[in-house]
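Here is how the chains run, residue by residue.
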Amino acid sequence: MPQHRLNCWDFMQCGREPDGQRAEELGVCPAAVEASFDGINFGKNAGRICWAVAGTCCGGKVQGTFAEKRKSCVTCDFYKNVQKQEGNSSAKQKLLRFFAEDQTGAILLDMAKCRFVKVGERIVEQGEIRDKAYIIQRGSCLVVVEKDGQLHPVDHRVRGDIIGVTSILTGEPQNAHIEAETDVELWTIEGSVLNNISTEHPELFEFFTEIVASRFDTKRPVADRSIGKYVASDIIGRGAFAIVYGGVHSSLNMPVTIKMMKHDLAMNPEFLESFVNEAKIIAKLNHENIVQVYDIEERYRTVFIIMERLTGTALNDLLRSVYKLSPKRVVNFLIQIARGLQYAHRHGIVHQDIKPANILVLPDDKIKILDFGLACPVGSENFLTGTPFYMSPEQVQCFPVDQRSDIYSLGLVVYEMLTGRKPFEGNDHWKVMEMRTDRDIPDPAELIPDMPGPLRDFIRKACARDPDKRFRNIAEVLASMKSLAAEYGLANGGPYEPKRKIRMFYLVYGDEDTKELKVAVDDFYIKMQRIGVDLKAGDLIDL
């Protein structure tokens, strides 16, 4: 964060930040500890959007909600300082310069209508679909999400910001209210005009898609989003390519996980086509050690992957808390990961991103492999995909990959589970990747002298720099663990036998619906038989 961007407690010298001079006397300021606002206006926690947080203390008085303290906040010197700094930021000025200096931008402004909004008025209503965008020329706005009957301020818009562009680019209903914090002067631009300008100016389109991607990624409450048969409710994870939501199947009330490809990537046609094709292949995988994909939805100019909802701990989080695992537990996890990979490899899929963050440990120590977002067919050309700390030498060198690449990454993960350390470490990712091609993996026995021999042998063979010197396939990996699996009383990695599951449905209908219902059920029964599902029916008492 730039040094000149002060948080409110620095500017006001109130002493109510954690460990501040007056924190014990007056209590810690809510803005100083509200982490969900962290990063807004480049502030720490809510330090640069304190006016959106209830219960702050200014002038020696505890204040209420923003609506209650609006008049005093907008006249505050700190508020004015933030407005000025953020309005002059490079991102805001980039858009203003385009419309002021570019010939196309100037033409667009001639077509734009000026709109004046009074303080407290809503410019945009959550849930509405409108084909207009607004550029703030003067004043500022607050972004407010309405959820479960409560209003949650989530972000801040100032001079140079564009609002409404998400709906224009994606066709999705507005995901928040936009309210005027002060009197606001806006340029109103029709969606069709903005789309035409974006087509003629690819750099502007890229700029807008980056805005869309960043605005979907928030730590604050998000509005519920309808995605086909599903409703996404809360963000539960995020990565370089996607945002992950918790959600539910709207008619079955079945919990699901919904993974949304970020719009700046999804709007690249080649990337989108490749991702969708791979997702369709992965959706056919059905193994107890691979997260189950239920559905794929293409809408709002991106892709949503619908998966089973799981409760567990990512292996990287587990290692942070316990440092390293016992050999018995390592063998247990290794066998399960290997079984899942063996199933994927038999279906021609290489994961390409095996790492602790993509291994979920369920409460009973059952393992699920996550995130096949970088998966590819065996033998595919590689374009430097993967995570630097866990990439195989052939991934680093952009050579074709096969199952031996996953085996190499699995060896690195096993090394880390046993020793509590990565075999190749450093702050420079390029140098860390070069280590993979320049040197052999360190001997784990140097850190764990009494480690079981088969585990040491597995790591050294799995992580050979030359793919031809590694295990040829996962079957050989599982065979190498047979003796330890027997010693620890674990399964030895035999063939996977899928388990049968039961799901119940209740049909509530009247006597007049019986005939049509029988036709529909008979049709459903035939479809279930085709995919190997047994369908049983029984009568319940009348309601």
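The structure reproduced in this document is the subject of the present report. Throughout, a residue's number is its position along its own chain's written sequence, starting from 1. Where totals are concerned, whole chains, interfaces and linings use all residues; where local detail is concerned, this predicted model gives features only for residues with pLDDT of at least 70, and gives and counts side-chain atom pairs only at 80 or more. As a rule here, side-chain values come from all non-hydrogen atoms in the structure, and water together with hydrogens is ignored.

## Overview of the overall build of the protein chain
Here is the rule we go by: A helix here means a DSSP run of H or I that spans at least four residues, while a strand means a run of E at least two residues long, and both kinds are numbered starting from the N terminus. Relative accessible area decides the class of each residue, using a 1.4 Å probe on protein chains only: under 20% of the type maximum gives buried, over 50% gives exposed, and in between gives partly exposed. By definition, residues are in contact when any of their heavy atoms lie within 4.5 Å. For every accessible area listed, the method is Shrake-Rupley and the probe measures 1.4 Å; residues are considered covered only by the protein chains on display.
Summing up its helical and strand segments, the protein chain has 21 helices and 21 strands in all. Within the protein chain, the proportion of its 543 residues that are buried is 48%. Considering only intrachain contacts with a sequence separation of at least 6, the fraction spanning at least 24 residues in the protein chain is 64%. Carbon and sulfur atoms provide 50% of the accessible area of the protein chain, an area that totals close to 27800 Å².

## Quick notes on the packing of aromatic side chains
What counts is decided by this rule: Centres within 6.5 Å are what make two rings of Phe, Tyr or Trp a pair, Trp counting through its six-membered ring; a difference in plane orientation under 30 degrees is then read as stacked, over 60 as edge-to-face, and the rest as tilted. Definition used: whenever NZ (Lys) or CZ (Arg) falls within 6 Å of the ring centre and also within 35 degrees of the ring normal, the charge is taken to sit over that ring.
Evaluated as defined, the whole model comprises 3 aromatic pairs. Aromatic side chains phenylalanine 11 and phenylalanine 78 sit 5.4 Å apart centroid to centroid with 50° between the ring planes, which places their arrangement in the tilted category. Taken as a pair, phenylalanine 11 in helix H1 (residues 8-12) and phenylalanine 78 in helix H5 (residues 77-87) lie far apart in primary sequence, 67 residues in all. You can call phenylalanine 78 buried: its relative accessible area is 1%. Lysine 461 extends its terminal NZ or CZ atom over the ring of phenylalanine 471, reaching a point 4.8 Å from the ring centre.

## Some thoughts on the sheet that holds strand E20 (residues 367-369)
Stated precisely, the cut-off is as follows: Here, any two strands with at least 2 DSSP bridges between them count as paired. Note on method: axes are straight lines fitted to C-alpha atoms, helices fitted across the in-contact stretch only, with angles between N-to-C directions ranging 0 to 180 degrees.
Taken together, 3 strands build an open sheet; the order of strands is E17-E19-E20 and the sheet is antiparallel. Edge positions in the sheet fall to strand E17 (313-314) and E20, since each has one partner strand and no second. Its contacts with the sheet place helix H14 (residues 327-346) against strand E19 (359-361) and E20, and it is angled at close to 40° to E20.

## Concerning the state of the cysteines
Which entries qualify depends on this criterion: The disulfide criterion used throughout: a pair of cysteine sulfur atoms within 2.5 Å.
Going through the model one piece at a time under the given rule, you end up with 0 disulfides. The cysteine cysteine 14 is free of any disulfide, with cysteine 29 supplying the nearest cysteine sulfur at 6.0 Å. Overall, the relative accessible area of 24% leaves cysteine 14 in the partly exposed class.

## Some words on the sheet that holds strand E6 (residues 141-147)
Here 4 strands make up an open sheet; going across it, the order is E4-E9-E6-E7 and the pairing antiparallel. Each edge of the open sheet is held by one strand with a lone partner, namely strand E4 (122-124) and strand E7 (150-157). With strand direction ignored, the average angle separating the axes of adjacent strands in the sheet is 35°. Summarising the sheet, E6 and E7 pair through 7 bridges and their orientation is antiparallel. Paired with valine 145 across the strands is histidine 152, a residue of E7.

## Comments concerning a negative patch on the surface
Operational definition: Patches here: salt-bridge-free residues with over 30% relative accessible area, like charges joined within 9 Å, nonpolar side chains (Val, Leu, Ile, Met, Phe, Trp, Tyr) joined within 5 Å. Salt bridges, as used here, are contacts in which a Lys or Arg side-chain nitrogen is within 4 Å of a carboxyl oxygen on Asp or Glu. None of His or the chain ends enter the tally, which takes Lys and Arg as positive and Asp and Glu as negative. Working definition for charges: the position is that of NZ of Lys, CZ of Arg, CG of Asp or CD of Glu.
Together, Glu203, Glu206, Glu210 and Asp264 make up a negatively charged patch on the protein surface. Counting residues per element, the negative patch draws most heavily on helix H10 (residues 202-216), at 3 residues. Turning to its location among the elements, glutamate 206 is positioned in helix H10. Exposure remark for glutamate 206: the relative accessible area of 48% places this residue in the partly exposed category.

## Thoughts on helix H13 (residues 315-322)
Going by this rule: What the arc covers is the set of directions going from the helix axis to the C-beta atoms.
All of the buried residues along H13 are Leu315, Leu318 and Leu319. Along the axis of H13, the buried positions cluster into a sector of 100°, meaning they face one direction only. Facing away from the buried side of H13 by over 90 degrees, the exposed positions are Arg320 and Ser321. Looking at the buried side of H13, the elements it contacts are E17, H14, E19 and helix H16 (403-419).

## Here we look at the pattern of salt bridges
Applying the stated rule across the entire model yields 25 salt bridges. Across the pair aspartate 468 and arginine 404 runs a salt bridge whose closest N-O atoms are separated by 2.8 Å. Linking aspartate 468 in the loop between helix H18 (453-462) and helix H19 (474-480) with arginine 404 in helix H16, this pair joins segments that are 64 residues apart in sequence. Two residues, aspartate 443 and arginine 456, come together in a salt bridge whose shortest N-O distance is 2.7 Å. Of the two residues, aspartate 443 is situated in the loop between helix H17 (429-438) and H18 and arginine 456 in helix H18; the sequence distance between them amounts to 13 residues. With relative accessibility at 16%, the residue aspartate 443 sits in the buried group. One salt-bridge network, held together by shared partners, links Lys229, Asp295, Glu297 and Arg299.

## Examining H18
Those residues of H18 lying buried are Leu455, Phe458, Ile459 and Ala462. For H18, the angular spread of buried residues about the axis comes to 95°, placing them on one side. Those residues of H18 that are buried are in contact with H14, H16, H19 and helix H20 (482-488).

## As for the environment of valine 143
Relative to the assigned elements, valine 143 resides in strand E6. Using a relative accessible area of 5% as the deciding quantity, one classes valine 143 as buried. Along the chain, valine 143 and glutamate 179 lie 36 residues apart, while their C-alpha atoms are 6.5 Å from each other. Filtering out sequence-adjacent residues up to four positions away, valine 143 remains in contact with His152, Pro153, Val154, Asp155, His156, Arg157, Ala176, His177 and Ile178.

## Examining the packing of H14 against H16
To keep it simple, the criterion reads: Oblique is the label for any angle not covered by the other classes, which are roughly parallel (under 35 degrees), roughly antiparallel (over 145) and roughly perpendicular (65 to 115). Take the far helix as your reference; a near helix turned counterclockwise from it by less than a right angle gives a left-handed crossing, and one turned clockwise gives a right-handed crossing. For this classification, the nonpolar set comprises Ala, Val, Leu, Ile, Met, Phe, Trp, Tyr, Cys and Pro, the charged set comprises Asp, Glu, Lys and Arg, and every other residue, Gly included, is treated as polar.
The contact between H14 and H16 brings their axes to 11 Å, and the two run at 165°. Taken together, the axes of H14 and H16 lie roughly antiparallel to each other. For the pair H14 and H16, the sense of crossing is right-handed. Of the residues in H16, those touching H14 at Pro327, Val330, Phe333, Leu334, Ile337, Leu341 and His345 are Gln403, Asp406, Leu410, Val414, Met417 and Leu418. Partitioning the contact of H14 with H16 into residue classes produces 10 nonpolar, 2 polar and 1 charged.

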